[in-house]
Amino acid sequence: MKKIAKILALVLVLAMSMSFFAGCSKDEKAEEKTLKMATNAAFPPYEYKEGEKIVGIDAEIAEAIAKELGMKLEIVDMEFDSIITAVDKGEVDFGMAGMTVTDERKEQVDFSDSYATGVQSIIVKEGSDIKTVDDLEGKKIGVQLGTTGDIYATDDYGAENVTQYGKGADAVIALKGGDVDAVIIDNEPAKAFVEENEGLAILDTEYAVEDYAIAIKKGNTKLLDDVNAALSKLTEDGTIDKIIAKYIKAE
Ligand code: GLN
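Residues numbered from 1 in each chain as written. Predicted model: local features only at pLDDT ≥ 70, side-chain atom pairs only at ≥ 80, totals over all residues. Heavy atoms only, no water.

**Q** Give me the lowdown on the site of the ligand, citing residues and values where you can.
**A** Near the ligand lie 13 residues; those nearest to it are A97, T100, R105, T148 and D186. Here G98 contributes a backbone N or O atom positioned 2.8 Å from a nitrogen atom of the ligand. For the ligand, whose unbound accessible area comes to 290 Å², protein coverage reaches 100%. (Near = heavy atom within 4 Å. Polar contact = N/O pair within 3.5 Å; in protein donor to acceptor, adjacent residues only side chain to side chain. Areas by Shrake-Rupley, 256 points an atom, 1.4 Å probe, with all protein chains shown as cover.)

**Q** Account for the pairing of strand β8 (residues 116-125), naming residues and giving values.
**A** One face of the sheet, then the other: side chains in a regular strand alternate in exactly this way. Judged by how many residues are buried, β8 sits mostly within the fold: eight of 10 residues are covered. Looking at chain direction, β8 and strand β13 (residues 208-212) are connected through five bridges and run antiparallel. Counted as the bridge partner of V119 is V209 from β13. Examined bridge by bridge, β8 and strand β11 (residues 182-186) share four bridges and lie antiparallel to one another. In the sheet register, I122 faces β11, and the bridge partner there is I184. (Buried < 20%, exposed > 50% of the residue type's maximum accessible area, 1.4 Å probe, protein only. Helix = DSSP H or I, 4+ residues; strand = E, 2+ residues; numbered from the N terminus. Pairing = 2+ DSSP bridges.)

**Q** Account for the packing of aromatic side chains, naming residues and giving values.
**A** Summed over the entire model, instances satisfying the criterion amount to five aromatic pairs. With centroids separated by 6.4 Å and ring planes inclined at 85 degrees, the aromatic side chains of Y48 and Y247 adopt a geometry described as edge-to-face. Taken together, the residues Y48 in strand β3 (residues 47-50) and Y247 in helix α9 (residues 239-247) connect sequence positions 199 residues apart. One aromatic cluster in this structure is built from F43, Y46 and Y212. (Phe/Tyr/Trp six-rings, centres within 6.5 Å; stacked < 30°, edge-to-face > 60°.)

It is worth stressing that arrangement in space is one thing and function is another; only the former is reported here.
If you want it as structure tokens, here you go:
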């Protein structure tokens, strides 16, 4: 190659790589805002850790929503009990944690349209004399702190009969160890915990049926509208069903 051709080629490569990097920072990095989500990554299959990564139905739906909004998703792991406060204080943009819509929570945050149904289930030891919800009377019940299972059990059976654990998995360990007679928790985590632990069973009777939705700061109607629009698109194009099917195998 002649010297002049070599120089030309070099100039061309330099120019191309410069415009490539300039393009990247302008179109992707600078304009891509971060959407911060609070969750409690101890709630399989909705959110749990695979190594350091938080995966699950909520994590993937949130990822798809962020993509729709042209934003980058960041997930912040915290106690379930802290999520509503974090949303209310604006420390995060939204909370997504298999969270049930309740009237009390609606006083603190707004909820998106519902994207899934949850059922409060009862886990017992195999062969337990607890066969139905009515048998829970006077029994020791384990729950996850601040969840609807906690709230209902405390209302129905009295705080003195309810032990609150930071994680559902810890309530299940207490059940195995005989510290509690039953655990009330959402059906999908219940299935995951029973699968991981021998000698446990889920009662056929359902304790409560509920709607899961995304918690957004009160008054942030822009984000609420955007999230609902994204949810409806992702429902229509089958993305949400696909994500759910990936984590929940049909029976
Ligand atoms: N669905 C229950 C609630 O909203 C439990 C959620 C959870 O533990 N992540 O209270």
